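Listed here are the chains, written in short residue letters.
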Amino acid sequence: MPLMMSDEAFENDESDYETLPRARVSLRRRGLRWFLFGGWRVLCESCCDCLVRMCRRKKELKARTVWLGHPEKCEEKFPKNSIRNQKYNFFTFVPGVLYQQFKFFLNLYFLVVACSQFVPSLKIGYLYTYWAPLGFVLALTMAREAVDEVRRHQRDKEMNSQLYTKLTPRGEPAGQRRLFADNQRIPADMIFLRTSEKNGTCFIRTDQLDGETDWKLKVAVGCTQRLPDLFSINAFVYAQKPELDIHSFEGNFTREDADPQVHESLSIENTLWASTVVASGTVIGVVIYTGKETRSVLNTSEAKNKVGLLDLELNRLTKALFFAQLVLSIVMEALLGFVGLWFRNLFRFVVLFSYIIPISLRVNLDMGKAAYGWMIMKDENIPGTVVRTSTIPEELGRLVYLLTDKTGTLTQNEMIFKRLHLGTVSYGTDTMDEIQSHVIQSYAQVKMASSQKSQTPGPKVRKSVSSRIHEAVKAIALCHNVTPVYEACGETETAEADQDFSDDNRTYQASSPDEVALVQWTQSVGLTLVNRDLASLQLKTPAGQILSFSILQIFPFTSESKRMGIIVREESTGDITFYMKGADVAMASIVQYNDWLEEECGNMAREGLRTLVVAKKSLSEEQYQDFESRYNQAKLSIHDRTLKVAAVVESLEREMELLCLTGVEDQLQADVRPTLELLRNAGIKIWMLTGDKLETVTNRGEAHLELNAFRRKYDCALVISGDSLEVCLRYYEHEFVELACQCPAVVCCRCSPTQKAQIVTLLQQHTASRTCAIGDGGNDVSMIQAANCGIGIEGKEGKQASLAADFSITQFKHIGRLLMVHGRNSYKRSAALGQFVMHRGMIISAMQAVFSSIFYFASVPLYQGFLMVGYATIYTMFPVFSLVLDQDVKPEMALLYPELYKDLTKGRSLSFKTFLIWVLVSVYQGGILMYGALVLFESEFVHVVAISFTALILTELLMVALTVRMWHWLMVVAEFLSLGCYLASLAFLNEYFDLRFITTWPFIWKVSSITLVSCLPLYIIKYLKRKFSPSSYSKLAS
C-alpha cells in the first residue's frame, strides 16, 4: 500500500475518487434498455426511499426564547411532555405481534400449511391437528407480549401521573415555573432559577441519565436566586436548540425590566435535565425542553432485537428441511407420473410431509431458554445475577471476543491515594506520616510566615521540602469540585468562624471519585475541607484554625481540556492564586520547564496509578480584573462561546509553577486476574475499551507507519488511543481489524461511548464471531447494546448498564462461571434439544414416505387426529424437554479445564454434519418401523397403525435415553410418565387401535422386535465410539 504523509494530499486524492462515479453516472444512457435491465428497480428504490424519508421526516430543532410566566410569547411549539415506552397501541398490538412472529420462516410456513386445510381438495386431516399447535404458539407469544405491554403502560402511567407544584396559572408546558422537593424526579429539561439552600446551590442525582451515582452540584441563576418574588420580573431565557450532549449547554438569561438590562450567561451548571432527581432541598425551574426534545429522550436508543447464532443456524436447517420436503414431494409425484391434477397432489404431499419441520421446535427452545435463565438466577455461586434477555442464553457459550470497560468493571472504582511526587522526593503509603508532620510543622509557623510575606516577589530561592509539601497539600485541598455534606444538618448552613465542623458525620460529594480520594487524603494529613458553597471554601488546619477562601472562578474539567482550575482569594492575606490540575499531556505545555514530569508520569502509569499534575500561579489584583472582564464577555457570546471562553482561560495558563504529581490507585476487583486467565485459556480474546488516558495525537500518515511497524511484531498486545483509533477506523479499517484480531490482547484508551459501540460492530462485521461487551456505567450502554451478548455490572456508577444489558452480574469474577458453566450447558443442551425435536418430525415423515410409496403413492396420512397431536405433546414432550437438564461434565470440571470452551466456538454441536447424521438416523428408524410393521401385521390394516405407532413411541423414549450424557432424576420421571400416559390413553383410542389386539402377546413381541432393530445398532455404535474414539469431555468425566 503506498504511504502518503500529507493530509492535504489525501484530501485531494479522496475528492478525485469521489468525482469519478458521478461522472460515469452522468454519461450513462438512460434508454429503454437501461430501464428493462435494472433501471426499473433503481427507480422503485428511489421512490420508496423518498416515501420513507417523507414519512420519517422529523421536525427541525431550533433555538428558542422562553419567557418566564408568559408561554403565549413563545414562538416555538413544544411536544407533549409524557413518557411512552410501549411498543404497540390498541390498534397495532395484534398486527405488530403477528408480524414479529410470521417474519420467521418456521411460523410463516405453518401458517400457509394450516390455511391450506380450509381448501377441501387439499385437506389431509383434522383442522385442529394443524391449527391447535399454531394457535398455542401464537397465544403464548401474544400473552407474553401483552403482559410486557401492560407492565410498560403501568410504569409509564406511574411516571406520567407524578404531581408537581406549578407556579403559573397558564396551561402551556414551556415557560412554566415548577417547584420540586427533595427526592423528586425532574420531568422536563429546565433552567435552575431558585433553591431553598441559602448558598444558591443544590445536589442532583443523575444515575438514570448518565449512570453515575455521584451527586452533581447545580447552581441557580444568580439574578433569580436573590429575588424575593419571581412573578414581579419581566425576563426570558434564550436556549440553544436541543442537543444530544448531556454535558454541555449554552444559553442566556435576560431581565428586561431592570435598568440597565441584566444579562447572565447560562451553562451546564444551571440546568436540571429530565430524569434526574433532586437530592437536597427544593428547587424552582423554568421548562425549556419537553417530551422528545429532552436530553434523556434524545439519548435513548431503541435496543435491537437480539437473535442468537443458534436460532439462525436452526432457521437455516429448517429451510434445508423445507427444500428436502419439496424434493420428496416432487419425487413422489414424479413416480406417480404427473397425471391429472398433479399440482394439487403435489401440494397434498407437501402438506402430508409438513411434520418434517416440527412447529414444537420453537416452543421447546423458548421453554428451554426460560429454564436456562432460571438456572442462572438460582445459581448460589453467582448471587445477584439477573437474566434480562431470555432469548440468547446460548450466546454465552459461543463467545470469541470479550470487550470490557476498566473502571468499575475490572476495578472497584474506589480510589486510594498512593503517591505524591515533588520532583526531588517521592512519598508513598509508608511515608505519609512524614507528610503529616511537615503539614503540622508548616501550619504551626503559618503566622510567622505570613508576617514575613511581601507583596512583591523576592529573588528566587530554592524552597525547602516542608514548604513545597505545604503548598502541594494546600493546592490539592483547594483545587477541586468537592462539597462536604453533614448528615445531621437539614440544610447546609452558612459558614461561620465558630461553626462546629464535626468529622463524624461529614461525607464528601463530587462528580469524580478521584477528587474525593484527593480531598480525603488531605484530611488524613491534617488539612481538612470543612465547608464549601458557591462563593467560598473553608479549610481546617491541624491546629483547628479555619482558613477561609473566596472562590472567584471555577473552570470545570472537560474531556477536551483534560484539566480543571480554580481561582481563589485567601481572606486573611488577600492573595489571589490560580490553581490547576489535569492530565500530564495537557499540563506539560502549561507548567514551567522541568526534567522529571514525563519520566515520573510514565513510572506511575506502569504501576497502574491514575496521575494528576498540580500547578499554581499567583495573580495580582490588576491581572485578575482584566481576566474577569474578558471572561464575562466571552461567556455572554451566543456563537462559539466554548472556543472564546477557552481562549480567555488559556491566556492565564502560561508558565505555571509545577507543585506536585499525584498518583491514585483504583484497586482491582476480587479474582480479576484468575478470571482473565480463565477466559484467555478458554480461547476468548479480551479487548479493554476504557476512557482512561493514553495520550498520543496521531495523524493519518503516522497511523499507517505504526500499523506497518506493528505488522512485523509477533505476540504483542496492541495499545491504542481514541484519537489514533479514529484515524485507523476512518482510513485503514480493514487493515487495523486484521492486525488487532491477531493480537492476544487489545487496549483502546480514551474511547468515547460511540467508539466503543463502533469497535463492537466492526468486530462483528469483519470476523463474523460472537462478541460480548461488559461494563458498569452509562457510557458502556451503547457498547452493551451493540454486542451479541451484553453483560452489565451493578457498580458504583449506577444501574444504567445493568438495566440495559442482557445479563446482570454483581462482580466481574462471576463471568467465568456464567460462560464456562451456564454458557456451555445452554448451548449444548439447546443444540441437542433442537436436533432431537427435528428428529422427532423427520422420523414420522420417513414413515409417511414409506407408507405412501408402498400404497401406490397415495397422499393419505398414516396417522390422523389425536395420534399426531399426542405424539408431539404428552407422549414424547416430557422426555425430550428433560434434555435441558443434561450436561456432559460437572461444573467444577468445566471451570478446571476452560479449554473445553474452545470447541464450542467451532459450532460442532450443531452443524450440517451432525444434522446429516440425525437425518440418516431418522430415515433408518422410520424405514425399519414402517417396513417392520407392514411385514409383521397379519390381517387388518389397523394392526399396522397400532404396531408402528407403539414402536415409534418406544423408539423415541429410548433415543432420549441414548442422547443423555448424565442422568438426572427428573429425566427418569419424565420417561416413565410419558410411557404411563401412552399406556393409559390406549383405553380411549379405540377409534385408531384394536383394543383386543394390543393386549395379546403377538402385539407385544412384534413391537419389541421392531423397536429393538431400530435402536440396538445405534446403541452399539455409541458404545464403540466411546470405546475407540472418545470425546474430550468424556475423557475428563471418566
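Residue positions are counted from 1 within each chain, in the order its sequence is given. Local features in this predicted model are restricted to residues whose pLDDT is 70 or higher, and side-chain atom pairs enter the listing and the counts only when it is 80 or higher, whereas totals over whole chains, interfaces and linings include all residues. Calculation of side-chain values draws on the structure's entire complement of heavy atoms; hydrogens and water are dropped beforehand.

Convention followed: UniProt positions are given in the numbering used here, feature names are shortened, and annotations may be inferred rather than shown by experiment.
Going by what an unreviewed UniProt entry lists, the protein chain is known as Phospholipid-transporting ATPase and is assigned to Hippocampus comes. Listed under Sequence similarities (unreviewed entry) in UniProt, the entry text for the protein chain is "Belongs to the cation transport ATPase (P-type) (TC 3.A.3) family. Type IV subfamily." Checking UniProt for the protein chain, the heading Catalytic activity (unreviewed entry) contains the comment "ATP + H2O + phospholipidSide 1 = ADP + phosphate + phospholipidSide 2."

1. Observations regarding the nonpolar core
Note the cut-off: In this text, buried Ala, Val, Leu, Ile, Met, Phe, Trp, Tyr and Cys residues form a nonpolar core when linked through side-chain atoms within 4.5 Å. Type-normalised accessible area, obtained with a 1.4 Å probe on protein chains alone, sets the label of each residue: buried when under 20%, exposed when over 50%, and partly exposed for intermediate values. Secondary structure elements are defined from DSSP: runs of H or I of at least 4 residues count as helices, runs of E of at least 2 residues count as strands, and each element is numbered from the N terminus. Those domain boundaries reflect an automatic or database domain assignment. Here a residue-residue contact requires only that any non-hydrogen atoms of the pair lie within 4.5 Å.
Of all hydrophobic cores here, the largest spans 80 residues; its most connected members are Leu 679, Ile 791, Phe 807, Ile 815, Leu 818 and Leu 819. It is helix 27 (residues 814–854) that contributes the most residues to this core, twelve residues altogether. Taken domain by domain, this core gets at least three of its residues from each of domain 2 (309–398 + 816–1037) and domain 3 (401–412 + 668–813). If sequence neighbours within four positions are ignored, Ile 815 has contacts with Leu 402, Thr 675, Leu 679, Ile 774, Ile 791 and Ile 809. Counting residues in hydrophobic clusters, the runner-up holds 42 residues, among them Val 439, Leu 478, Leu 529 and Val 664.

2. Structural notes on the sheet that holds strand 19 (residues 528–532)
Stated formally: Strand pairing follows a simple DSSP-based rule, namely that at least 2 bridges must link the two strands. The angle between two axes is taken between their N-to-C directions and runs from 0 to 180 degrees, where each axis is a line fitted to C-alpha atoms and a helix contributes only its stretch in contact.
One open sheet accounts for nine strands, arranged 16-15-25-24-23-22-21-20-19; its pairing is antiparallel. Among the strands making up the open sheet, the edge pair consists of strand 16 (426–427) and strand 19. Both strand 23 (residues 576–582) and strand 24 (residues 609–619) contribute to a ladder of seven bridges, which runs antiparallel. By the bridge assignment for strand 24, Ile 576 is matched with Leu 619. Sheet contacts for helix 14 (residues 465–478): strand 15 (411–421), strand 16, strand 20 (536–540), strand 21 (546–555), strand 22 (563–570), strand 23, strand 24 and strand 25 (657–668); angle to strand 25, the most-contacted strand, approximately 60°.

3. What about the pairing of strand 25?
Across seven bridges, strand 15 lies against strand 25 in antiparallel orientation. Among the inter-strand pairings, Phe 417 is bridged to a residue of strand 25, identified as Val 664.

4. With respect to the UniProt feature "binding site: Mg(2+)" (unreviewed entry) in the protein chain
Feature annotation in UniProt places "binding site: Mg(2+)" (unreviewed entry) on Asp 405, Thr 407, Asp 776 and Asp 780, given in this structure's numbering. Annotated residues spanning 376 residues; largest pairwise C-alpha distance 10.9 Å, indicating a single compact cluster. Sequence-distant contacts of Asp 405, defined by excluding residues within four places in its chain, comprise Leu 410, Leu 689, Thr 690, Lys 756, Ile 774, Gly 775, Asp 776, Asp 780 and Met 783. By the element assignment, Asp 776 lies in the loop between strand 29 (770–775) and helix 25 (781–786). For Asp 776, a relative accessible area of 0% puts it in the buried group.

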